[in-house]
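Coordinates in review
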Amino acid sequence: MTSPPRIAVVGGGPGGLTLARVLQRHGIDHVTVLEQEDSATARDQGRSLDLHAGSGQDALHAAGLYDTWAALARPEDQAGRRLTPDGTVLAEEPAEGFANPEIDRGQLRGLLLDALAPGTVRWGTRVETLTPRPDGSHELRVQGPDGPDVLVADLVVGADGAWSRVRPLLCDARPSYTGVTFVELFHTDVDRTRPTVAALAGRGSTMCFDGDRGLATQRLAAGNLGVYVSLRVDEAWVDGFPADDPPAARAALLAWFDGWAPALRDVVALADDAVVARRLYALPVGLRWPTHPGVTLLGDAAHLMSPFGGQGANLAMLDAADLAAAILHDPATATARYEAAMWPRGAAAAHGAAVGLATVGRGDEADDPRDAFLAAREQYT
Ligand SMILES: Cc1cc2nc3c(=O)[nH]c(=O)nc-3n(C[C@H](O)[C@H](O)[C@H](O)COP(=O)(O)OP(=O)(O)OC[C@H]3O[C@@H](n4cnc5c(N)ncnc54)[C@H](O)[C@@H]3O)c2cc1C
């Protein structure tokens, strides 16, 4: 390994950007983030994330960005409630203190990017192949904005999400379909444009799950509201779903919610014309691989799980902070040191998410899937 090591981070999601930031903050400049998207705003970054003390917030401390984040975070959106299909409130959690405040993903990405040295992220650069070299380094063939290019790195970090290109260097695992598909809807400026939907949604999140169907609303920044329609359907269902014909998509979704309270149905019926259907996939719980000093994975690339535990982005950022600390300690042993802590933690969270997904809407779910994460922690440590 050259000193200092040349570090290639594949993927500029919350995990990859946090890693680059913590390294740079401690004087490691030979770090490049390769990101296939053309720019920070090329794609809607999705919805809101609550960052937890003990994971996402610890990573922000390590990145020196806690205060910047805290100024943007929305403690008022920590509130949550669960409804029955007739609209009765089953349980309600008030927004108290500053435990798990929310931030929109785009804002989180923006604050991480603003903290990086100019040129750290190579946008529009897709990693195509990785080839080991005799000295333990790797050659990365990329497709960039100016055509193909080749890079060499002593440490390659796969922070490239569910369909990681780096993972096959370490193991054969592939994500499998969880049996649940989300359809994401949106209400722009909801308080002004759809006051009845805003009143039902309140602050924070509101959820109603019944059998194979569920509706969840999530307050976003700038007065917007996100909606997740959750359906237990087979993997091919999306192929016949008319996402590109919003009125037909809303009608198809409403058929799932026959007999539900009109205010809940309005969450679907009155939504904007932006409709995104997303199958949920997960890696095997407890995935490990033979440690390699020159390659590792973090975040979804290492432990993709359904969002039913609310842990994925938090863990990606904590993985990044831990890996950065291990690199700063000793680059030669960094991957082994990092993986020893990351594997059990990722497995426990993935177990919790799997329990949450299997039980939600079935009348026997734990009050909070995070309880399943806490219960599973010892099993995987
Ligand atoms: C509907 C939904 C709701 C969620 N809600 C929450 C929540 O409330 N809280 C929470 O903590 N988590 C949540 N998650 C999980 C969270 O989104 C992920 O765990 C998190 O984004 C993982 O971060 P990451 O950095 O590991 O990967 P990603 O965010 O997936 O980023 C990977 C990046 O790699 C890039 N990339 C991929 N392949 C290549 C390549 N070959 N070359 C170059 N670049 C590449 C991608 O473009 C992407 O930018 C949710 C997930 C979903 C689907």
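Residues numbered from 1 in each chain as written. Predicted model: local features only at pLDDT ≥ 70, side-chain atom pairs only at ≥ 80, totals over all residues. Heavy atoms only, no water.

Let us now look at the overall build of the chain. A tally of helices and strands in the chain yields twelve helices and 17 strands. Taken over the C-alpha trace, the chain has a radius of gyration of 21 Å; the compact-globule value for 381 residues is 21 Å, and the two agree within 12%. Overall, the chain is about 65 × 45 × 40 Å in size when its C-alpha atoms are taken along their principal axes. With 381 residues in all, the chain has 52% of them scored as buried. For the chain, the exposed area adds up to about 16000 Å²; of that, 52% sits on carbon and sulfur atoms. If the 33 positive side-chain charges of the chain are averaged to one point and the 50 negative ones to another, these points end up 2 Å apart. (Helix = DSSP H or I, 4+ residues; strand = E, 2+ residues; numbered from the N terminus. Rg over C-alpha atoms; globule rule 2.2 N^0.38 Å. Buried < 20%, exposed > 50% of the residue type's maximum accessible area, 1.4 Å probe, protein only. Areas by Shrake-Rupley, 256 points an atom, 1.4 Å probe, with all protein chains shown as cover. Lys, Arg positive; Asp, Glu negative; His and termini not counted. Charge placed at Lys NZ, Arg CZ, Asp CG, Glu CD.)

Attention shifts here to the packing of aromatic side chains. Counted by the stated rule, this structure contains ten aromatic pairs. Each ring, one from tryptophan 237 and one from phenylalanine 241, has its centre 4.9 Å from the other, and the planes form 20°; the classification is stacked. Here the aromatic cluster, defined as three or more aromatic residues joined through ring pairs, consists of Phe182, Phe209, Tyr228 and Phe308. Looking at arginine 47, its charged tip hangs above the ring of tyrosine 228, at a distance of 5.7 Å from the centre. (Phe/Tyr/Trp six-rings, centres within 6.5 Å; stacked < 30°, edge-to-face > 60°. Lys NZ or Arg CZ within 6 Å of the ring centre and 35° of its normal.)

Here the focus is the side chain of histidine 187. With respect to the helices, strands and loops of the structure, histidine 187 is situated in strand S12 (residues 176-187). A residue is classified by how much of its surface remains accessible, and histidine 187, at 0% relative accessible area, is buried. Polar side-chain contacts of histidine 187 include one of 2.9 Å to the backbone oxygen of valine 267. Discounting chain neighbours no more than four positions away, the residues touching histidine 187 are Arg194, Val197, Asn224, Leu225, Val227, Asp266, Val267, Leu270, Ala271 and Asp272. (Polar contact = N/O pair within 3.5 Å; in protein donor to acceptor, adjacent residues only side chain to side chain. Contact = heavy atoms within 4.5 Å.)

What follows covers the domain arrangement of the chain. The domain boundaries assigned to the chain delineate domain 1 (7-78 + 99-175 + 283-380) and domain 2 (179-280). Inter-centroid distance (C-alpha atoms) of domain 1 to domain 2 is 28 Å. Listed by partner, the interface residues are 17 residues for domain 1 and 21 residues for domain 2. Interface area, domain 1 with domain 2, both sides summed: about 1500 Å², of which 53% is carbon and sulfur. Run the count over domain 1 and domain 2 and you get three salt bridges. A salt bridge links glutamate 184 to arginine 47; the shortest N-O distance between them is 3.7 Å. At the level of elements, strand S6 (102-104) and helix H11 (334-359) are the ones that each hand at least two residues to the side of domain 1 that touches domain 2. Among the residues forming the side of domain 1 that touches domain 2, the class breakdown is five nonpolar, five polar and seven charged. (Domains from an automatic or database assignment. Buried area = accessible area lost by both parts, 1.4 Å probe. Salt bridge = Lys/Arg side-chain N within 4 Å of Asp/Glu carboxyl O. Nonpolar A, V, L, I, M, F, W, Y, C, P; charged D, E, K, R; others polar.)

A separate point is the sheet that holds strand S15 (residues 225-232). Strand order in the open sheet made by the seven strands is S5-S4-S13-S14-S15-S12-S16, with mixed pairing throughout. This sheet does not close on itself; its edge strands, each paired only once, are strand S5 (89-93) and strand S16 (276-282). Going from strand to strand, the sheet's axes swing by 20° on average, the running direction of each strand aside. Strand direction decides the pairing type here: strand S4 (residues 80-83) and S5, joined by four bridges, are antiparallel. Looking at S5, one finds that arginine 81 is bridged to glutamate 92. (Pairing = 2+ DSSP bridges. Axes fitted to C-alpha atoms, helices over the stretch in contact; angles between N-to-C directions.)

Here we take up the site of the ligand. In the neighbourhood of the ligand, 35 residues make up the surrounding shell, with Gly15, Glu35, Arg105, Asp300 and Ala313 lying closest. Within the backbone of glycine 310, an N or O atom sits 3.5 Å from an oxygen atom of the ligand. A distance of 3.1 Å separates an oxygen atom of the ligand from a polar atom in the side chain of asparagine 314. For the ligand, whose unbound accessible area comes to 1000 Å², protein coverage reaches 87%. Sorting the residues of the shell around the ligand by element identifies helix H1 (14-25), strand S3 (48-50), helix H4 (105-114), strand S8 (126-132), S12 and helix H10 (312-329) as the ones contributing at least two each. Top contributing element to the shell around the ligand by residue count: H10, with four residues. (Near = heavy atom within 4 Å.)

Bringing the packing of helix H7 (residues 246-254) against helix H8 (residues 262-269) into the picture now. Angle between the axes and distance between the axes: these two values describe a pair of packed helices. Packing of H7 against H8 brings their axes to within 9 Å, and their N-to-C directions diverge by 150°. Taken as axis vectors, H7 and H8 run roughly antiparallel relative to one another. In this structure, H7 crosses over H8, and the sense of that crossing is right-handed. Within the contact between the two elements, H7 uses Arg250, Leu253 and Leu254 and H8 uses Arg265, Val268 and Ala269. The residue inventory of the contact of H7 with H8, partitioned by class, reads four nonpolar, no polar and two charged. (Parallel < 35°, antiparallel > 145°, perpendicular 65-115°, else oblique. Left-handed = near helix turned anticlockwise from the far one by under 90°.)

Further remarks concern the sheet that holds S8. Hydrogen bonds between backbone atoms are what pair the strands of a sheet, whose relative direction is either parallel or antiparallel. The three strands are arranged S8-S9-S10 in an open sheet whose pairing can be described as antiparallel. The open sheet has two free edges, formed respectively by S8 and strand S10 (147-153), since each of these has just one partner strand. Strand-to-strand twist of the sheet, defined as the mean angle between neighbouring strand axes without regard to direction, takes the value 20°.

Let us look at unusual backbone geometry. In this model, aspartate 189 sits at a positive phi of 50°, which is unusual for a non-glycine residue. As for its placement among the helices and strands, aspartate 189 is situated in the loop between S12 and helix H5 (190-193). Using a relative accessible area of 26% as the deciding quantity, one classes aspartate 189 as partly exposed.

Before going further, it helps to spend a moment on the packing of H1 against H10. One way to put it is that H1 packs onto H10 with a least axis distance of 8 Å and a crossing angle of 30°. The orientation of H1 relative to H10 falls into the category roughly parallel. In this structure, H1 crosses over H10, and the sense of that crossing is right-handed. Contacts between H1 and H10 involve Pro14, Gly15, Thr18, Leu19, Val22 and Leu23 on the former and, on the latter, Ala313, Ala316, Met317, Ala320, Leu323, Ala324 and Ile327. A per-class count over the contact of H1 with H10 returns eleven nonpolar, two polar and no charged.

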